[in-house]
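Structural overview for review
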Amino acid sequence: MAKRDPQVPIGVVILGATSSIAIATMRRLAAQNAHFMLVARNSDRLTAVAQDLHTRGAFAVDTWVMDLDDTAAHAEMLAAAAQRLGRIDLALISHGVLGDQHAAETDFQFAAAILHTNFISTVSLLTWLGNYFQAQRAGTLAVVSSVAGDRGRKSNYVYGASKGALNVFLDGLRNRIDRDGVQVLTIKPGFVATPMTAHVPHNALFASPDQVARGILKAIERGRDVAYVPGFWLFIMLLIRAIPGRVFKKMNL
Amino acid sequence: MSPRQDQPQFESWGRYPKYPAELHPLFWKEDFPAANAPESKMLAVGMGRSYGDVCLLQHGTLLQTPNLDRLISFDSQTGRLRCEAGVTLAQILDFAVPRGWFLPVTPGTKYVTIGGAIANDIHGKNHHVAGTFGLHTLCFELVRSDGTHVVCSPTDNQEWYAATIGGLGLTGLITWAEVQMRPIVSRSIRYRSTKFVGLDEFLALSHASAHQEYSVAWIDCVAQGRNFARGLFLAGEHDENPGPLTPLDKPRVVMPFDMPAFALNRTSVGAFNTLYYHKQIGKRRSGLTDYEPFFYPLDRILKWNRLYGTQGLLQFQCVLPFDSGSLGMTEVLKAITASGLGSFLAVIKVFGDAVSPGIMSFPVPGVTLALDFPIRREVSFALLDRLADITAEFGGRMYPAKDACMRATHFQQFYPQWQQFSAYVDPSFSSSFWQRVTGLG
């Protein structure tokens, strides 16, 4: 995205446009002449986000209301996005659920729902977008994953597994289409103060959505593959991954 | 969304009093639990920059609004800005100043939400020409606990408009508001500061600069004798010569720890005040400054309230009507200097006669004084009580947003309209302040 004419608006698709991380990222992009296509499930919330970006000076804001769990409807929505924007320069995938780990431990349906939203539906989007960007021979695919995908922990391993699988998928996709000029960026936020974490007490490790947004945009600018945001999570996760399995399994994390 | 279980404490800016409460962050307007209101009472809170207990509710549910931070519309021709209630004045400035617009009224901190600005009907250095924030609030939406949505303006639902402006958040949840911004062509403020000694000189300076958009004075509440009521009078206006509008990117200083209480005593405060007074060598000084240090000198130090340590501070602000002349304010200042509890910064200003639409609004024409005190069990509360007595004696009133300890009798004397106002209080809303000064639930 570095070499572009500032007069031409950047085409940006946001999948999960009411997520706090997505909103903070879009606000920063709005000042940079962006044309948005926002996709989310709740139309009132989507309208509130669209008005905010429009007021902040976005070139244009289009919206599309849909439940991204409905993978059968992805192709139609993405084709409409490409058509309305003229060209997609950046796709940010930011939808996801934390899910109920406790329920998922005993009821497979809960686990399946988490895996479907965070992994399966994302794979569907990535398949379409990966091929679109590959054919275009340019573009950035930025995907909000999580540090939780780096190692399974008893407190949220179903969510972690969905993000871990996503990380592996993104590694492979990058390996395939990076050579065609497509940036595939895996974003790994740590704790972020969002509705997803509103129920837990916030400690010093919590970042604001805007801090994460800054990290995402920096990683896009610098053409990174994987970005821990904030950056100190790289070191935390290096430590956590270094703990030997026979010790790790006894820990309460 | 369920409220957090573990009750992390929400503190007001004075850090006194401290009460446990459920915290319920609102992320979207529809998160307001109107239909299934909690058993306990509710109160909407923003940045917690009011000093005492108007933003606290013991054993209640605090609806936190700072995530309701979306802009809704902006008309770059007329300067009308509509946004959600949790948007802060800092966020508005970041958005509006580069576009050539400024806040119509701003207090001494930009870290307050628009909802809080309306609920406390805040005032600033331009009160003598512009009145309170409420006068520039074109309309807003009020959501009641019974689920009704009321769009209030000077022409629609005007009784709710009048009750909610300065209504201390008790009439329901403000979800969005529209404000009339003021055009500027530069970030700069053209200012002049003048040393004065005595209230009469302060009043003369205020009178002489009544045409200036902004004016305020810092006054020494420690010095006695021939230095009694010495201070610096500051007046300013937006620069009329086109200049830069883009923001400065200066690092801010955060108070990293709580100061021990012994660090604040008469000697250190006196020394600070002497330094501050003599920082300016000549009688007058003038020039151009960015609006940030002009309006928000203390915002440079985030969390400056930590200077007072964990036990917190008490703030006092009163206004005394003009007809008492400088007599009443002299009494107030004498009581403060005699106590030896004076703060780093006491601020004195003349309020103008622009009438706020808010029935509970604090400012009335006269002279207002604001300062903070450390909490010393034996003496601080007695002093504030004495100051409230003097305020009452001279027909003045105190500012709820700054108060943590005024007596119910004083409040009811200052605001005899409180009973008329109480008809508009939402049955599911309350605050620790309201319970304290009315005895109502």
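Below, the structure is looked at part by part.

Thresholds applied
Residues numbered from 1 in each chain as written. Chains lettered and ligands numbered in written order. Predicted model: local features only at pLDDT ≥ 70, side-chain atom pairs only at ≥ 80, totals over all residues. Helix = DSSP H or I, 4+ residues; strand = E, 2+ residues; numbered from the N terminus. Rg over C-alpha atoms; globule rule 2.2 N^0.38 Å. Buried ≥ 20, exposed ≤ 12 C-beta atoms within 10 Å, placed from the backbone. Contact = placed C-beta atoms within 7 Å. Axes fitted to C-alpha atoms, helices over the stretch in contact; angles between N-to-C directions. Parallel < 35°, antiparallel > 145°, perpendicular 65-115°, else oblique. Left-handed = near helix turned anticlockwise from the far one by under 90°. Nonpolar A, V, L, I, M, F, W, Y, C, P; charged D, E, K, R; others polar. Expected span 1.5 Å × (residues − 1). Arc of directions from axis to C-beta. Pairing = 2+ DSSP bridges.

1. Comments concerning the overall build of chain A
When its secondary structure is counted, chain A shows nine helices and seven strands. Rg of the C-alpha trace for chain A: 18 Å, near the compact-globule value of 18 Å for 253 residues, within the 12% margin. Overall, the C-alpha framework of chain A stretches about 55 × 35 × 35 Å when taken along its three principal axes. Within the span of chain A, comprising 253 residues, buried residues form 43% of the whole. Sequence separation of 24 or more characterises 68% of the internal contacts of chain A that already satisfy a separation of 6 or more.

2. Points about the packing of helix α1 (residues 20-30) of chain A against helix α7 (residues 209-221) of chain A
Residues and elements named next belong to chain A. Contact geometry for α1 and α7: axes closest at 8 Å, N-to-C directions at 60 degrees. With respect to α7, the axis of α1 lies oblique. Note that α1 runs across α7; the crossing there is right-handed. Seen from α1, the contacting residues are Ser 20, Ile 21, Ile 23, Ala 24, Thr 25 and Arg 28; seen from α7, they are Pro 209, Asp 210, Val 212, Ala 213, Ile 216 and Leu 217. Among the residues making up the contact of α1 with α7, the classes are represented as eight nonpolar, two polar and two charged.

3. Thoughts on helix α3 (residues 74-85) of chain A
All names here are of chain A. Under the 1.5 Å per step criterion, the end-to-end length of α3 is 16 Å for 12 residues, consistent within 8% with the ideal 16 Å. Regarding α3, the residues found buried are Leu 78, Ala 81 and Leu 85. In a view along the axis of α3, the buried residues occupy a sector of 55 degrees, so they form one face of it. Within α3, the exposed residues directed more than 90 degrees away from the buried face are Glu 76, Ala 79 and Gln 83. Of the residues flanking the end of α3, it is Gly 86, one or two places downstream, whose phi is positive at about 85 degrees.

4. Some details on the interface of chain B and chain A
With 15 residues of chain B at the interface, the matching set in chain A holds 12 residues. When residues in the side of chain B that touches chain A are grouped by element, the largest group, four residues, is from strand β4 (residues 71-75) of chain B. Split into classes, the residues belonging to the side of chain B that touches chain A amount to nine nonpolar, two polar and four charged.

5. What to know about the pairing of β4 of chain B
Two faces belong to every sheet, and in a regular strand the side chains alternate between them. Residues and elements named next belong to chain B. Taken together, the four bridges between β4 and strand β5 (residues 80-84) define a ladder with antiparallel strand orientation. Bridge assignment links Asp 75 to a residue of β5, and that residue is Arg 80. Linking β4 back to β5 in an antiparallel pair, the connection comprises four residues, with Gly 79 at a positive phi of about 80 degrees.

6. Things to note about the pairing of strand β17 (residues 313-321) of chain B
Residues and elements named next belong to chain B. Most of β17 is tucked away, with eight of its nine residues classed as buried. For β17 and strand β20 (residues 397-398), the ladder comprises two bridges, and the chain directions are antiparallel. Among the inter-strand pairings, Cys 318 is bridged to a residue of β20, identified as Met 398.

7. Quick look at the sheet that holds strand β5 (residues 139-144) of chain A
Residues and elements named next belong to chain A. One open sheet holds the seven strands; their spatial order is β3-β2-β1-β4-β5-β6-β7, and the pairing between them is parallel. The sheet terminates laterally at β3 (60-65) and β7 (226-229), the two strands that pair on one side only. Shown here is a sheet whose adjacent strand axes are inclined to one another by a mean of 15 degrees, direction ignored.

8. Notes on the sheet that holds strand β3 (residues 61-64) of chain B
Residues and elements named next belong to chain B. Ordered by their spatial adjacency, three strands build an open sheet running β1-β3-β2, and the pairing between neighbours is parallel. With partners counted over all chains shown, the strands left at the sheet margins are β1 (22-25) and β2 (42-45), one partner each. Taking the axes of each pair of neighbouring strands and ignoring which way they run, one obtains an average angle of 30 degrees across the sheet. When β2 meets β3, the two strands line up parallel, connected through four bridges. Among the inter-strand pairings, Ala 44 is bridged to a residue of β3, identified as Leu 63.

Functional significance is not addressed by these values, which are geometric in nature.
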